[in-house]
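Listed below are the residues making up each chain.
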Amino acid sequence: MHQHITIKDQQLFIEGCNALTLAKTYKTPLYVLSETTIREKFREIRTQFLERHPNTIAAYASKAFLTTAFVKLVAQEGFYMDVVSGGELFTALNAQFPMERVIFHGNNKSKEELEMAVVNKVGRIVVDNTTELEILASIAEQHQTQMNILFRITPGVSSSTHDYIATGKKDSKFGISLDDFVIMPAIEDAIKAPFLNFLGFHFHVGSQIFDHNSHVMATQIALDLIKRVKTTYNYDITELNTGGGFGIKYTDTCTPQTIGYFTDAIVDTIDQYCEANHLVRPRICIEPGRFIVGEAGTTLYTIGAVKEIKDLKTYVAVDGGMTDNIRPALYQAKYSALLANRPLEETAGEVTLCGKCCESGDLLVEHLPLPKAVAGDVVAVFSTGAYNYSMASHYNKHVIPAVVLVSGEKAYEIVERETYADLIKHDVVPPHLK
Ligand SMILES: Cc1ncc(COP(=O)(O)O)c(C=O)c1O
Ligand SMILES: N[C@@H](CCCC[NH3+])C(=O)O
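Residues numbered from 1 in each chain as written. Chains lettered and ligands numbered in written order. Predicted model: local features only at pLDDT ≥ 70, side-chain atom pairs only at ≥ 80, totals over all residues. Heavy atoms only, no water.

The name that an unreviewed UniProt entry assigns to the chain is Diaminopimelate decarboxylase, with the source organism given as Fusibacter ferrireducens. Per UniProt, the chain has the following entry under Cofactor (unreviewed entry): "pyridoxal 5'-phosphate". Recorded in UniProt under Pathway (unreviewed entry), the annotation for the chain is "Amino-acid biosynthesis; L-lysine biosynthesis via DAP pathway; L-lysine from DL-2,6-diaminopimelate: step 1/1." (UniProt positions renumbered as here; feature names shortened; annotations may be inferred.)

This is the structure:
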């Protein structure tokens, strides 16, 4: 398992913190994040990408996991931040994240969101479609504010991942189509717009990818476009954002690569093409989310009901489920898990780890080898740092669990567990029902 997970005296530790003590102190379900692992991922990106190649920037894709403390951590690490909504932008603003380091994405940004981005002078807006281009040009003009923009393009490449997290295919809802009659007039409009500073292009081919081929193919397509912009408009593209998507380890079947495996291939492709075609080598940006925070997360649950169906299967139910981790239900995502109180005990067979929501599909791990589990046991599910807390829901009026950041032997609660009162605080009763 991951470096920050160890077993001492038959007990599971996350960094220097005993998982059972965390579960007892903060209650379960509980999201636990290893700060050391997160910082190690930032360091890997720095040494293998930012410091290895000139004129590069890296942004953290905040959709993977975002809280105020996390914004502070990203700021401290000196990274940029990708936001995709007014809510994510607000979280960054409220935590005093430097706005010039914000990259604002989204396939359907509202006028209000675009206005918020302009008023707060975010560093870059990634324009997703021509409607947005028109609206943004007029908002920037109204506010007499010069805005840096990129175009998200749909490179038309497929990547080997789940369909729902593949975003680079031609039929994707994201990005501007590369059909000539769509992209070329849009580029011309962007170059001419008095309050827009057109930097270049962005693509994102998908998520949880282990092979650099789709990134390289999309890079080549973007480079051909950069060359066309130069020959058609004599305009130098100065930035190319190649997105995120770098895969992590959920189970032993995953084969994650270093960040350098991806970025070396991307940078080499760009360097060679630009040299051969006498183009200005654009600044290269990446924006990983899962890679930075995914492996750092562990979710702790307490086991309740155990249902053995003779000769069929055994359900082991925990006190959370699809409300804190929707990924198995949404993408058939696989996870690995251990009993935190008896991590070394021999397995008694395979079980289905399920949640407590009123859905048959509320399963966390199928075919999980586990010792004989009983009520009160604590189970740890690994690699839950990305797209778990950020995709949590209130289905069945479950409260969203607390998040604890551990660093060595210290544990810091960075999100408090919700209360039942939180669940109804926005309810309004009209007069005739009072
Ligand atoms: C535009 C964009 N950038 C970055 C990411 C981050 O992806 P990942 O968490 O797979 O690195 C996503 C999400 O898939 C995205 O849509
Ligand atoms: N939410 C997805 C990742 C983002 C996909 C689209 N940008 C996941 O859990 O894998």
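On we go.
J.: Outline the packing of aromatic side chains, supporting the account with residue identities and numerical values.
T.: For the structure on display, the rule yields eleven aromatic pairs. Ring centres of Phe 198 and Phe 201 lie 5.7 Å apart, and the angle between their planes is 80°; on these two criteria the pair is classed as edge-to-face. In terms of burial, Phe 198 and Phe 201 fall into one category: buried. When the ring of Tyr 250 is compared with that of Tyr 335, the centres are 5.1 Å apart and the planes differ by 80°; the resulting orientation is edge-to-face. Of this pair, Tyr 250 sits in the loop between strand 11 (239-241) and helix 9 (259-276) while Tyr 335 sits in the loop between helix 11 (327-331) and strand 15 (337-339), and the two are 85 residues apart along the sequence. Each member of the pair Tyr 250 and Tyr 335 is classed as buried. Feature note: the residues Tyr 31, Tyr 60, Phe 65, Phe 70 and Tyr 389 constitute an aromatic cluster, connected by ring pairs. (Phe/Tyr/Trp six-rings, centres within 6.5 Å; stacked < 30°, edge-to-face > 60°. Buried < 20%, exposed > 50% of the residue type's maximum accessible area, 1.4 Å probe, protein only. Helix = DSSP H or I, 4+ residues; strand = E, 2+ residues; numbered from the N terminus.)

J.: Describe in detail the environment of Leu 133, supporting the description with residues and values.
T.: Along the chain, the position of Leu 133 falls in helix 6 (residues 130-142). The spatial distance from the C-alpha of Leu 133 to the C-alpha of Lys 24 is 51 Å, given a sequence separation of 109 residues. Every residue in contact with Leu 133, bar those within four places of it in the chain, is listed here: Val 127, Ile 149, Phe 151, Ala 186, Asp 189, Ala 190 and Leu 196. (Contact = heavy atoms within 4.5 Å.)

J.: Let's hear about the nonpolar core: which residues, and what values?
T.: Counting residues in each nonpolar core, the largest one holds 86 residues, and the members touching the most others are Leu 33, Ile 38, Ile 125, Ile 149, Phe 151 and Phe 201. Ignoring any residue separated from it by four or fewer positions in sequence, one finds Leu 33 in contact with Ile 38, Phe 65, Phe 70, Val 293, Ala 296, Gly 297, Gly 385, Val 403, Val 404, Leu 405, Val 406 and Ile 414. Counting residues in hydrophobic clusters, the runner-up holds 20 residues, among them Tyr 250, Tyr 301, Leu 353 and Val 365. (Core = buried A, V, L, I, M, F, W, Y, C linked by side-chain atoms within 4.5 Å.)

J.: Just give me the short version of the packing of helix 4 (residues 86-94) against helix 5 (residues 111-119), but keep the residues and values in it.
T.: Between helix 4 and helix 5, the shortest axis-to-axis distance is 10 Å and the interhelical angle comes to 25°. Classed by the angle they form, the pair helix 4 and helix 5 counts as roughly parallel. Read as a crossing pair, helix 4 and helix 5 show a hand that is left-handed. The residues of helix 5 that touch helix 4, namely those facing Gly 86, Leu 89, Phe 90 and Leu 93, are Glu 113, Met 116 and Ala 117. When the residues that make up the contact of helix 4 with helix 5 are grouped by side-chain class, the tally is five nonpolar, one polar and one charged. (Axes fitted to C-alpha atoms, helices over the stretch in contact; angles between N-to-C directions. Parallel < 35°, antiparallel > 145°, perpendicular 65-115°, else oblique. Left-handed = near helix turned anticlockwise from the far one by under 90°. Nonpolar A, V, L, I, M, F, W, Y, C, P; charged D, E, K, R; others polar.)

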